[in-house]
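# Residue-level structural notes
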Amino acid sequence: MKYLIRLVRYIALVALVIVTSVSSQTHANVPKQEITINPGKYFNYYHIQLDLIPNQYRVNERYGFNPGGQFEVFIPKELFPIPAPNCREHIIVRMPYSNNTHQKKALFERLSQSKETTRVTLELNPYLNIVTESPLALELTYCNVFFRHKHGDYYNKPN
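Throughout, residues of each chain are indexed from 1 in the direction in which the sequence is written. Per-residue local features of the predicted model are confined to residues with pLDDT of at least 70, and side-chain atom pairs are confined, for both listing and counting, to 80 or more; whole-chain, interface and lining totals are unaffected and use all residues. Excluding hydrogens and water, the side-chain values take into account all heavy atoms of the structure.

## Regarding the overall build of the protein
Threshold: Here a strand is any run of E in DSSP of at least two residues, a helix any run of H or I of at least four, and the numbering for each starts at the N terminus. Residue burial is assigned from relative accessible area. The probe radius is 1.4 Å, only protein chains are included, and a residue is buried under 20% of its type maximum, exposed over 50%, and partly exposed in between. Between two residues, a contact is recorded if the distance between any of their heavy atoms is within 4.5 Å. A 1.4 Å probe and the Shrake-Rupley method give the accessible areas. Residues count as covered only by the protein chains that appear here.
Along the backbone of the protein there are 2 helices and 11 strands. The linear arrangement of helices and strands in the protein, starting from the amino end, is α-β-β-β-β-β-α-β-β-β-β-β-β. Relative to its 159 residues, the protein shows a buried fraction of 34%. Restricting to contacts in the protein with at least 6 residues of sequence separation, those with at least 24 account for 62%. Summing over all exposed atoms, the protein offers an accessible surface of approximately 10,400 Å²; the carbon and sulfur share of this is 54%.

## Structural notes on the packing of aromatic side chains
Worth spelling out the cut-off: Two rings belonging to Phe, Tyr or Trp (six-membered ring only in the last case) form a pair when the distance between their centres is within 6.5 Å. Interplanar angles under 30 degrees mark stacking, angles over 60 mark edge-to-face geometry, and anything in between is tilted.
Counted under the stated rule, the structure contains 8 aromatic pairs. Both rings, one in phenylalanine 43 and one in tyrosine 45, keep their centres 5.0 Å apart while their planes meet at 45°; by these two values the pair is tilted. A relative accessible area of 29% means that tyrosine 45 is categorised as partly exposed. Aromatic side chains tyrosine 127 and tyrosine 142 sit 5.2 Å apart centroid to centroid with 75° between the ring planes, which places their arrangement in the edge-to-face category. A residue pair is termed long-range when its members are at least 10 positions apart, and tyrosine 127 in the loop between strand 6 (118-123) and strand 7 (128-133) and tyrosine 142 in the loop between strand 8 (136-140) and strand 9 (144-147) qualify at 15 residues. According to the relative accessible area criterion, tyrosine 127 is partly exposed, its value standing at 27%.

## Focus on the side chain of asparagine 38
Under the convention used in this document: Whenever a nitrogen or oxygen atom comes within 3.5 Å of another N or O atom, the pair is scored as a polar contact, on the condition that within protein one atom can donate a hydrogen and the other can accept it, and that pairs from neighbouring residues in sequence are kept only if both atoms are in side chains.
You can see asparagine 38 is positioned in strand 1 (residues 35-39). Side chain to side chain, asparagine 38 and histidine 47 meet in a polar contact 2.7 Å long.

## Details of the nonpolar core
Using the following cut-off: What is meant by a nonpolar core is a set of buried Ala, Val, Leu, Ile, Met, Phe, Trp, Tyr and Cys residues, joined one to another through side-chain atoms within 4.5 Å.
Counting residues in each nonpolar core, the largest one holds 28 residues, and the members touching the most others are Val73, Phe80, Leu111, Leu122, Leu124, Leu140 and Phe147. Among the secondary structure elements, those contributing two or more residues to this core are strand 2 (44-52), strand 4 (72-76), strand 5 (90-94), helix 2 (102-113), strand 6, strand 8 and strand 9. Ranked by residue count, the leading element in this core is strand 2, at 4 residues. Other than its neighbours up to four places away in sequence, leucine 111 contacts Leu52, Tyr57, Val59, Phe71, Val73, Thr118 and Phe147.

## Concerning the side chain of histidine 47
Within the secondary structure, histidine 47 is located in strand 2. When its relative accessible area of 1% is taken as the criterion, histidine 47 is described as buried. Each residue touching histidine 47, except ones within four places of it in the same chain, is listed here: Glu34, Ile35, Thr36, Asn38, Thr121, Leu122, Glu123, Arg148 and Pro158.

## Notes on the state of the cysteines
Spelled out, the test is: Cysteine sulfur pairs qualify as disulfides if the two atoms are within 2.5 Å.
Applying the stated criterion across every chain, the model contains 1 disulfide. The partner cysteine of cysteine 87 in its disulfide is cysteine 143, sulfur to sulfur 2.1 Å. Judged by the sign of its S-S torsion, about -120°, the bond between cysteine 87 and cysteine 143 is left-handed. One end of the pair, cysteine 87, is in the loop between strand 4 and strand 5; the other, cysteine 143, is in the loop between strand 8 and strand 9, with 56 residues separating them in the sequence.

Okay, structure coming up:
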């Protein structure tokens, strides 16, 4: 019985090493992403523009399009340009609440149809760790980021 328990633990450890290795190799193939740093009143904001390519993301249909224009998009973590070591599967891109929903509804519909590549602007704050400042290296501390917002609406520009 002790031998069987040791064997199971060994197999689990080997599987973990393989998964970690494959995940690191896959992430290494994701192109480097240009990060725009915008100074804020209390801290810097980090933004990226990301191309959402059909079949490489999915809209959370269960969550849908909610009041205030809120919706979610799931991107496999190995396809996301910023490492997220604490995430298992997906990075969740969330659209924040606001009173203006026209532009958000159009984006939701475009992403739901998933027929064309759509460039979006994302805000990496607040779940961000600065690994090194020079050269700049970042990682996500949690599994979610937000569509960029400015003046109460989605803002699809990095600066």
